[in-house]
Amino acid sequence: MSHRYEPRGPLGRFVHGLEENVIAILLGLMTLVTFVNVVMRYVFQSSLIWGLEVTLALFAWLVLLGVSYAVKVNAHLGVDAMINLLPPPARRILALVAGGLCIIYALLLMKGAWDYWAPFAGYQQTGGRWFPTGFIETRDRAFYETEQIPMPGFLAWMGDVFNQGEAYEKMPRLIPYFALPLGVALLLFRLLQAVWMIWTGERASLIVSHEAEDAVEDVSHMNRGD
Amino acid sequence: MDVILLFVLIIGLMLLGVPIAIALGLSSTLFLLWFSDTSLASIAQTLYQAMEGHATLLAIPFFILASSFMSTGGVAQRIIRFSIACVGHLPGGLAIAGVFACMMFAALSGSSPATVVAIGSIVIAAMRQVGYSKDFAAGVICNAGTLGILIPPSIVMVVYASATDVSVGRMFLAGVVPGLLAGGMLMVTILFFAIWKGMPREKWQGWAEIWASFRDAFWGLMLIVVIMVGLYGIPGVTKAIFTPTEAAAVAAIWSFIVAIFIYRDMGPLRDGETRIPLWKKPQALVTAFFHPGTRDVLLEAGRLTITLMFIIANALILKHVLTDEQIPQDIAGAMLDAGFGKIMFLVIVNVILLIGGQFMEPSGLILIVAPLVFPIAIELGVDPIHLGVIMVVNMEIGMITPPVGLNLFVTSGVAGMSMMRVVRAALPFLAVLFVFLIIVTYVPWISTWLPTLMMGPEVILR
Amino acid sequence: DPAGCDDGETVVKFSHVTNADKHPKGIAASLFAERVNAEMEGTMCVEVYPNSTLYDDDVLLEAMLQGDVQLGAPSLSKFETFTKVFQIFDLPFMFKNIAAVDEFQASETGQAMKASMERRGLMGLEFWHNGLKQLSANKPLLTPEDAKGLKFRVQPSDVIIAQMEAIGASAQPMAFAEVYGALQTGVVDGQENAWSNIYGQKFYEVQDGTTETNHGVLDYMVVASTDWLDSLDPAVKDQMLTILNEVTTERNAAVNDVDMAARQAILDAGSEIRALDDTQRQAWVDAMKPVWDQFAEGVGQDNIDAAQAINEKH
Ligand code: NA
Ligand code: NA
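The rules behind these values
Residue numbers run consecutively from 1 along every chain, following the written order of its sequence. For naming, the first written chain is A and the first written ligand is 1, with later ones following in the order written. With pLDDT at 70 or above as the cut-off, local features in this predicted model cover only qualifying residues; side-chain atom pairs require 80 or more to be listed or tallied, and sums for whole chains, interfaces and linings still use all residues. Only hydrogens and water are removed before side-chain values are computed, so all heavy atoms of the structure are retained for them. By definition, residues are in contact when any of their heavy atoms lie within 4.5 Å. Reported buried area values correspond to the accessible surface (1.4 Å probe) lost by two parts on association, with both partners' losses combined. What counts as a salt bridge is simple: a side-chain nitrogen of Lys or Arg found within 4 Å of a carboxyl oxygen of Asp or Glu. Burial status follows relative accessibility: with a 1.4 Å probe on protein chains alone, a residue under 20% of its type maximum counts as buried, one over 50% as exposed, and anything between as partly exposed. The helix and strand labels rest on DSSP assignments: H or I over at least four residues marks a helix, E over at least two residues marks a strand, and numbering proceeds from the N terminus. Handedness rule for crossovers: strands pointing away from the viewer, path from the first strand over the helix to the second running clockwise, crossover right-handed. Using a grid of 1 Å spacing that covers the protein atoms alone, one calls a set of points a cavity when a 1.4 Å probe fits there but cannot get out, and a pocket when the set is open and has protein on both sides within 12 Å along at least five of seven lines; lining residues are those with an atom within 4 Å of a point. Grid points are joined across faces, edges and corners, and a volume is the space filled by probe spheres set on the points. Throughout, the ten residues Ala, Val, Leu, Ile, Met, Phe, Trp, Tyr, Cys and Pro are labelled nonpolar, Asp, Glu, Lys and Arg are labelled charged, and all others, Gly among them, are labelled polar. In this context, the arc is that of the directions from the helix axis out to the C-beta atoms. Confidence per residue, as judged by the predictor, is encoded in pLDDT with a range of 0 to 100. We define a polar contact as two N or O atoms separated by no more than 3.5 Å, with the added condition that, inside protein, one atom must be a possible hydrogen donor and the other a possible acceptor, whereas residues neighbouring each other in sequence contribute only through side-chain atom pairs. In plain words, nonpolar cores are sets of buried Ala, Val, Leu, Ile, Met, Phe, Trp, Tyr and Cys residues tied together by side-chain atoms within 4.5 Å. Any two of the Phe, Tyr and Trp rings considered here, Trp counted by its six-membered ring, make a pair once their centres fall within 6.5 Å; the pair's planes then place it as stacked at under 30 degrees, edge-to-face at over 60, or tilted in between. Look at NZ for Lys and CZ for Arg. If either is within 6 Å of the ring centre and within 35 degrees of the ring normal, a charge sits over the ring. Put simply, a disulfide is two cysteine sulfurs that come within 2.5 Å.

### Regarding the interface of chain B and chain A
Turning to step 1, where the next piece is worked out: Counting residues at the interface gives 75 residues for chain B, matched by 70 residues for chain A.
Turning to step 2, where the next piece is worked out: Note on chain B versus chain A: buried area summed over both sides is about 6400 Å², and carbon and sulfur give 73% of it.
Turning to step 3, where the next piece is worked out: For chain B, the biggest contributors to the area lost against chain A are Tyr 48, Arg 303 and Ile 306 of chain B; these three give 12% of the whole.
Turning to step 4, where the next piece is worked out: Run the count over chain B and chain A and you get 2 salt bridges.

What follows is the structure, encoded as structure tokens:
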């Protein structure tokens, strides 16, 4: 991508570095766990019985936490064929409309993500089909454990907090599933930020624009003389 | 019909400049809230389960990571130099080699997007270097990548076999001849274009360059050997070591090791223009994992994974709509109730799948459509294995036609091209695959000859 | 709508993971839907979603508690997260044959298990048989020593992992879609499953043969959420449960035939099935049975005793 995102200010740089490190670490861990499992099976006739499940959970974390970052650095794929036919003012209006639709998506998903995760942490879901209409009584699902992921000792306090004092033998689902509300909240935040930037003219759209790059590249290609 | 509204909505949102993923997700969510009793929580669950519940999709991030290490770490350039030395002087040579690479890779992987990811970045760069247009290169790879599900092993075939109770082994064998045929047809088309249009080629650089570039690329080329042995084993020496998904992770680790410790084009053993031997800096064994170069490769691969998987996850919400509303069943039911003969039936199956393939990912569509058409096919005397191959070829075409085509998305991401440009680039070769589909549909022998030869005539139950 | 649900009918989504017409579970679910849709016209309408097209077993129960699906029949090991009592069905050689399983499930202990998840929001309705598990590998398995050092693909459950360790083998979790290929190329050596699944998934094609160990139970339980059941009109609920019960009786009685048909189809395909003589079988029992002690506390010794009392009679 030709114009890289540049964070501004110390906080911006810190957050940017954090997001990038988290993405790199999650993908690195997925790869390592899978590789170690291959070695365990072939060389030691054994297995990390939780290997696949952990890898898949990390995969979900990578993608769900990463979508907000991808909004920030404008990496999401889109179709810009029609937009590019329009004059800049119309383009800006369409970008704002598209941004509004994205925010609607994120808001709906925010309710969904909360309603899905909340019972696993013993919290209450929201009522209403489209809009949250307040909290409703929800049956507690905090007992629900993952299939095989072990519960690390330093998280033993979670049994007291979430599971009515009953210790968890396996990691409760509320931990991996937390990627949903967290990821969607971050997505919502980044979308609001992006739309604001479109409003102020700092940003052109919500999708990566290849057409401009293609044009530049085509010209440079001709300049090379072939 | 409601479903037309849904598709108009998806396309409309995309044209407005809404990201593809959100266009799919928002349209499907609105549709589910309006027309079904599905909860928003269930939609969120689908999004999470797109990753957690689809272990076979893991091949995508791992292969992205492997090619990322290969291009950053100098492995890709060395392989490109070797391929140019070998076939760069032939008309259409590199493009044909690209198709061949996709066919080879298809024999390693069960998934088409993974094939595009693994081969695409290297081959497209190589073709650009010789002077092919990016469009031509992307069009070739985008199409040849679909062979991933036709040439065994194939996840889609496993799904078909389990949904219809035919032998997986037979299905795999049935894919071999059509796979070679499709690859051959693509190659011939390229050759034709190359001669007709005078496609660029390099000068023949002699055997010395082949040998020199081979030695230089040796460790990169060894990856193919490692993966082959790992997936199939060596008779009498070892059984297979890993599954196709795990192979992707092994490929990533191998590329990491070669890039950092052997070629030393990146990482702690690289200092400006000098390469430091490992014995002088043994701590690199540890620091390599935390080196900024390693982090940047992981990040780059992570970013592409995120954008592609976000699209796939939202496409699964669309699948949820179609399943929940039983839309494929409705369409198939309406078309099949008319009571056609064998030929017309196969045409109808093709039409159902081509339409369905516009909007759904392959495994999901097969799971829904196969059980519907299978009993009718058997009654009409259509061979189950032949039907399976027809369905797989339809899925291939579905992957490179908009609006939902996984290979289109992946190519767009890998080649850094706009969606519409990839669509246009893929078009000429898409026509080839269409001809191929017609041949496969009307000549059952292509599909059934090898399995019958190897496993004897098929017993059709029921 | 293909199921022909009319306005005013209570729509019941039944989601499962097998085919709709050959697997014991698929057949039973289809029959149940057919009968409800014929006999409860105007009040209730069942839509069956086979082949994991709606939910797979890992998320079915979540979706049910969420209210997005009303009926399902996951394998019994899926309930172990809710209460460990269900581990009794995974314990090796707990039951001699499907008749013993049937009698245990019908006993007071078995019936109590159906209600054991009530506080978690689930209610078991009926047990559905699939059959007893067999063991296969890429070499003949006659004694437990034959399995030593082999890698078996299993459903990751604590009991099954312990069972494999007890015979010196290793348990390997693996995505279901990759199992056939992994058995074919030798990434894993073997697997355990009921006849209908070994036949349906074609595992016998890529194994040296199957050993008729009958070492465990692979059954299902039809469940619904208590919230949904409570929301039904009592008369409607009773009629549905009566139909479900009749379907269960009919299909469970026929399960041996389906099972044996699958077994025969494997033989017809030219794959070998090895029977164990009494000494060989006893060797497997001796090797695996110590696993019981590890899990007796969670399962409840009284439940094990009840199962064994019934088993003695068969
Ligand atoms: Na393949
Ligand atoms: Na398509």
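Now that the structure has been shown, we can carry on.
### Section: the interface of chain A and chain C
Turning to step 1, where the next piece is worked out: At the junction of the two partners, chain A supplies 25 residues and chain C supplies 29 residues.
Turning to step 2, where the next piece is worked out: When the two sides are added together, the surface that chain A and chain C hide from each other amounts to roughly 2200 Å², 45% of it contributed by carbon and sulfur.
Turning to step 3, where the next piece is worked out: Inspection of the chain A/chain C interface yields 5 salt bridges.
Turning to step 4, where the next piece is worked out: Notably, a salt bridge pairs Asp 227 of chain C with Arg 139 of chain A, separated by 2.9 Å at the nearest N-O pair.

### Structural notes on the pairing of strand β2 (residues 44-49) of chain C
Turning to step 1, where the next piece is worked out: Burial of β2 of chain C is extensive: 5 of the 6 residues sit out of reach of the surface.
Turning to step 2, where the next piece is worked out: Note on the crossover from strand β1 (residues 10-15) of chain C through helix α1 (residues 24-39) of chain C to β2 of chain C: the handedness is right-handed.

### A short note on empty space enclosed by the protein
Turning to step 1, where the next piece is worked out: According to the stated counting rule, one finds 4 cavities of 30 Å³ or more in the structure shown.
Turning to step 2, where the next piece is worked out: Together, 18 residues line the largest cavity, and Thr 34, Asn 37 and Leu 52 of chain A, Glu 246 of chain B together with Pro 173 of chain C are the ones closest to its centre.
Turning to step 3, where the next piece is worked out: Breaking the lining of the largest cavity down by element, the ones donating at least two residues are α1 (9-44) and α2 (51-72) of chain A together with α12 (244-262) of chain B.
Turning to step 4, where the next piece is worked out: The element that contributes the greatest number of residues to the lining of the largest cavity is α1 of chain A, accounting for 4 residues.
Turning to step 5, where the next piece is worked out: Tallied by class, residues from the lining of the largest cavity come to 7 nonpolar, 8 polar and 3 charged.
Turning to step 6, where the next piece is worked out: Counted as a void, the second largest cavity has a volume near 50 Å³.
Turning to step 7, where the next piece is worked out: Pro 24, Lys 25, Ala 28, Trp 128, His 129, Arg 251, Asn 252, Val 255 and Val 258 of chain C are the residues that line the second largest cavity.
Turning to step 8, where the next piece is worked out: Counting residues per element, the ones that place at least two in the lining of the second largest cavity are α1, β4 (122-137) and α10 (234-268) of chain C.
Turning to step 9, where the next piece is worked out: Counting residues per element, the lining of the second largest cavity draws most heavily on α10 of chain C, at 4 residues.

### Notes on helix α11 (residues 278-288) of chain C
Residue and element names in this part refer to chain C.
Turning to step 1, where the next piece is worked out: Those residues of α11 that sit buried are Gln 280, Trp 284, Val 285 and Met 288. Summarising the axial view, the buried residues of α11 lie within an arc of 140 degrees, below the 170-degree limit, and thus occupy one face. Away from the buried face of α11 by more than 90 degrees, exposed residues Asp 278 and Thr 279 are located.
Turning to step 2, where the next piece is worked out: In this structure, the buried side of α11 is in contact with β4, α5 (144-147), α6 (158-166), β8 (209-225) and α12 (291-299).

### Notes on the confidence of the model for chain C
In low-pLDDT regions, the fine details of the predicted coordinates are not to be read closely.
Turning to step 1, where the next piece is worked out: Averaged over all residues, the pLDDT of chain C is 92; the fraction at 70 or higher stands at 99%.
Turning to step 2, where the next piece is worked out: For this predicted complex, the interface score ipTM comes out at 0.90, alongside a pTM of 0.88.

### Side note on the side chain of Asn 252 of chain C
Residue and element names in this part refer to chain C.
Turning to step 1, where the next piece is worked out: Topologically, Asn 252 is positioned in helix α10.
Turning to step 2, where the next piece is worked out: A residue is classified by how much of its surface remains accessible, and Asn 252, at 14% relative accessible area, is buried.
Turning to step 3, where the next piece is worked out: Polar side-chain contacts of Asn 252 include one of 3.0 Å to the backbone oxygen of Phe 127.
Turning to step 4, where the next piece is worked out: Those residues in contact with Asn 252 that lie beyond four places of it in its chain are Asp 102, Phe 127, Trp 128 and His 129.

### Focus on the nonpolar core
Turning to step 1, where the next piece is worked out: Counting residues in hydrophobic clusters, the biggest one holds 314 residues, and the most contacted among them are Phe 136 and Leu 387 of chain B together with Phe 89 of chain C.
Turning to step 2, where the next piece is worked out: With 18 residues, helix α14 (residues 292-324) of chain B is the largest single contributor of residues to this core.
Turning to step 3, where the next piece is worked out: Once you skip the residues sitting within four places of it in the chain, Phe 89 of chain C turns out to touch Leu 76, Phe 95, Val 101, Phe 104, Gln 105, Met 113, Phe 127 and Val 217 of chain C.
Turning to step 4, where the next piece is worked out: Counting 27 residues, the second-largest nonpolar core is a separate cluster that includes Ala 28, Val 36, Met 123 and Trp 128 of chain C.

### Points about the packing of aromatic side chains
Turning to step 1, where the next piece is worked out: In the structure shown here, the tally under the stated rule is 42 aromatic pairs over all chains.
Turning to step 2, where the next piece is worked out: Where Tyr 116 of chain A meets Phe 120 of chain A, the ring centres are 5.6 Å apart and the plane angle is 65 degrees; that geometry is what we call edge-to-face. Across the pair, Phe 120 of chain A and Tyr 116 of chain A agree in class, each one buried.
Turning to step 3, where the next piece is worked out: An aromatic cluster is built from Tyr 116, Phe 120, Phe 143, Tyr 144 and Tyr 177 of chain A, Tyr 48 of chain B together with Phe 82 of chain C, whose rings are joined through pairwise contacts.
Turning to step 4, where the next piece is worked out: Taking the ring centre of Tyr 199 of chain C as reference, the NZ or CZ of Lys 202 of chain C above it sits at 3.9 Å.

### Focus on the environment of Phe 290 of chain B
All names here are of chain B.
Turning to step 1, where the next piece is worked out: Here Phe 290 is to be found in the loop between α13 (284-287) and α14.
Turning to step 2, where the next piece is worked out: With relative accessibility at 66%, the residue Phe 290 sits in the exposed group.
Turning to step 3, where the next piece is worked out: Once the C-alpha coordinates of Phe 290 and Pro 268 are considered, the two residues, 22 residues apart in sequence, prove to be 9.3 Å apart.

### Thoughts on the state of the cysteines
Turning to step 1, where the next piece is worked out: A full pass over the atoms with the stated rule returns 1 disulfide over all chains.
Turning to step 2, where the next piece is worked out: Note on cysteine connectivity: Cys 5 of chain C is disulfide-linked to Cys 45 of chain C, with sulfurs 1.8 Å apart. The sign of the S-S torsion, about -75 degrees, decides the handedness of the disulfide formed by Cys 5 of chain C and Cys 45 of chain C: left-handed. Taken together, the residues Cys 5 of chain C in the segment before β1 and Cys 45 of chain C in strand β2 connect sequence positions 40 residues apart. Exposure class is identical for Cys 5 of chain C and Cys 45 of chain C. Each is buried.
Turning to step 3, where the next piece is worked out: For the unlinked cysteine Cys 142 of chain B, the closest cysteine sulfur is that of Cys 102 of chain B, found at 9.9 Å.
Turning to step 4, where the next piece is worked out: In this structure Cys 142 of chain B comes out as buried when scored by relative accessible area, which is 0%.

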